[in-house]
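# Reading the structure
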Amino acid sequence: MVEFKKRENGFEYIEIVNESATAKIALQGGHIFYYAQHDKEPLLWLSDESEFKLGKAIRGGIPVCWPWFGMSEDDSLPQHGFARTSMWEFISSKEKNSKTTQITLKLTHSKESLSLWNYHFELLLHVSISDSLEVELKTINLDKKEFKLTQALHSYFNISHIKNVHIKGLHVKPYFDALTKKQCLQDGDIYFTKETDRVYQEVDKPIILVDKTRDITIKNEGSDSAVIWNPWIDKCKRMSGMSDDAYLGFVCIETANAFNDFIILKPQEFHLLKMILLS
Ligand code: TA6
């Protein structure tokens with residue numbers, strides 16, 4: 001079943017229910033903000049203070065950070081780009097079988113986007129909802145000049161408690177610590193005891209979020225970098241759309257092309273960033 005719905009304030013989203021799972025995708029941002037297999041806890045964390053307001057990114061789910069990750073060279077531009085606050089166009093839905101539904105949304109250049117980033121483009125989001133969640137972001141350069149792209153599927157994962165989790169799969173990977181501004185090398189698994197904001201490079205195998213109650217496996221394609229983030233106590237209090245104790249309930253593991261894992265697309269070239277979530 002695929003239904004077009006609106007929240008009380010008119011915020012539009014698509015609800016998908018099949019034999020495997022339920023998912024919800026907002027037209028603003030092409031933003032998957034809910035995914036849960038039936039009789040399981042939601043895979044994605046969603047803030048109970050998220051406003052679902054036009055022009056403001058939903059806090060939680062999978063924000064699409066595009067066409068730049070983090071701050072642009074021009075720091076007057078919005079952090080993490082403009083895709084996550086733009087209205088996307090619904091293109092198609094296909095119920096492949098009773099357990100799998102495929103949804104496609106599109107964002108393309110506009111007067112507004114050209115004023116922020118002067119390139120013609122097409123951005124396609126392909127989402128496959130089954131007993132896994134597959135998300136593919138296809139960037140096509142429709143311009144006459146090449147452009148540089150950084151991006152991330154900024155996934156917020158729902159956890160039992162921050163003290164119960166650790167991350168496997170990044171041992172001996174180099175990372176930039178955004179807090180100390182230092183280049184470091186990961187030693188062993190990642191545990192959370194303070195604010196953590198790191199961009200890992202040379203990512204070449206699945207990342208596993210180990211929780212008391214389940215493991216979540218993140219498989220990436222078209223990406224050599226991954227961001228690991230938890231705001232911890234003080235930053236959480238400063239974050240919009242988050243309660244003071246929100247840091248206890250989520251970890252961000254972001255499938256990215258960030259920092260020196262940037263992409264250069266020549267005219268008519270395309271890039272595929274793909275993430276498969278299994279739990
Ligand atoms: O991906 C980590 C990060 O860059 C953090 O530094 C923090 O800013 C987070 O993204 C959330 O950013 P947002 O713009 O969604 O508030």
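Keep in mind that this is a model prediction, so the values were computed, not measured.

### Things to note about the nonpolar core
In terms of nonpolar packing, the biggest core is built from 68 residues, with Trp-66, Leu-133 and Ile-167 touching the most fellow members. In terms of residue count, strand E8 (residues 121-129) provides more of this core than any other element does, 5 residues in total. Ignoring any residue separated from it by four or fewer positions in sequence, one finds Ile-167 in contact with Asp-189, Ile-190, Phe-192, Ile-207, Ile-208, Leu-209, Ile-228, Val-251 and Ile-253. With 7 residues, the next largest nonpolar core counts Cys-65, Ala-152, Val-227 and Ala-258 among its residues.

### So, the layout of surface pockets
A volume near 650 Å³ is recorded for the largest pocket. Around the largest pocket sit 33 residues that line it, and Gln-79, His-80, Arg-84, His-154 and Met-239 are the ones nearest its centre. Only strand E16 (196-200) and strand E19 (225-230) provide two or more residues apiece to the lining of the largest pocket. Considering only residue class, the lining of the largest pocket consists of 14 nonpolar, 9 polar and 10 charged. There is about 400 Å³ of room inside the second largest pocket. Together, 16 residues line the second largest pocket, and Trp-68, Ser-72, Glu-73, Lys-148 and Thr-150 are the ones closest to its centre. When the residues that make up the lining of the second largest pocket are grouped by side-chain class, the tally is 11 nonpolar, 2 polar and 3 charged.

### Regarding the site of the ligand
In the region of the ligand, the neighbouring residues are Arg-59, Phe-69, Gln-79, His-80, Arg-84, His-154, Asp-197, Val-227, Trp-229, Lys-235, Met-239 and Glu-254. One of the side-chain N or O atoms of His-154 is found 3.0 Å from an oxygen atom in the ligand. With respect to the ligand, the side chain of Glu-254 contributes an N or O atom lying 2.8 Å from an oxygen atom. When the free accessible area of the ligand is taken as 390 Å², the share hidden by the protein chains comes to 86%. When each cavity is represented as a set of grid points, the ligand is found to reside in the largest pocket. Here the residues of the shell around the ligand sort into 4 nonpolar, 3 polar and 5 charged.

### Observations regarding the sheet that holds strand E13 (residues 166-168)
Strand pairing within a sheet occurs via backbone hydrogen bonds; the two strands may be parallel or antiparallel. Overall, antiparallel pairing links the 8 strands, which are arranged E6-E7-E8-E9-E22-E18-E17-E13 in an open sheet. The strands lining the two open edges of the sheet, one partner per strand, are strand E6 (89-97) and E13. Across the sheet, the axes of successive neighbouring strands diverge by a mean angle of 15°, strand direction being ignored. With 3 bridges connecting them, E13 and strand E17 (residues 207-210) associate as antiparallel partners. Bridged to Ile-167 within E17 is Leu-209.

### Digging into the environment of His-154
The residue His-154 is located in the loop between strand E11 (151-153) and strand E12 (156-158) in this model. With 91 residues separating them in the primary sequence, His-154 and Pro-63 have C-alpha atoms 5.2 Å apart. If sequence neighbours within four positions are ignored, His-154 has contacts with Gly-61, Ile-62, Pro-63, Cys-65, His-80, Trp-229, Cys-252 and Glu-254.

### Looking at the pattern of salt bridges
Between side chains of opposite charge, a pair can form as their charged atoms come close. Applying the stated rule across the entire model yields 10 salt bridges. Ionic pairing is found between Lys-111 and Glu-112, a salt bridge with its closest N-O pair at 3.9 Å. Neither residue differs from the other here; Lys-111 and Glu-112 are each classed as exposed. Across the salt bridge formed by Lys-274 and Glu-134, the nearest N and O atoms sit 3.5 Å from each other.

Rules and cut-offs
Residues numbered from 1 in each chain as written. Predicted model: local features only at pLDDT ≥ 70, side-chain atom pairs only at ≥ 80, totals over all residues. Heavy atoms only, no water. Core = buried A, V, L, I, M, F, W, Y, C linked by side-chain atoms within 4.5 Å. Buried < 20%, exposed > 50% of the residue type's maximum accessible area, 1.4 Å probe, protein only. Helix = DSSP H or I, 4+ residues; strand = E, 2+ residues; numbered from the N terminus. Contact = heavy atoms within 4.5 Å. 1 Å grid on protein atoms, 1.4 Å probe; cavity = no way out; pocket = protein on both sides within 12 Å on 5 of 7 lines; lining within 4 Å. Points joined across faces, edges and corners; volume = space filled by probe spheres on them. Nonpolar A, V, L, I, M, F, W, Y, C, P; charged D, E, K, R; others polar. Near = heavy atom within 4 Å. Polar contact = N/O pair within 3.5 Å; in protein donor to acceptor, adjacent residues only side chain to side chain. Areas by Shrake-Rupley, 256 points an atom, 1.4 Å probe, with all protein chains shown as cover. Sits in = over half its atoms within 2 Å of the grid points. Pairing = 2+ DSSP bridges. Axes fitted to C-alpha atoms, helices over the stretch in contact; angles between N-to-C directions. Salt bridge = Lys/Arg side-chain N within 4 Å of Asp/Glu carboxyl O.

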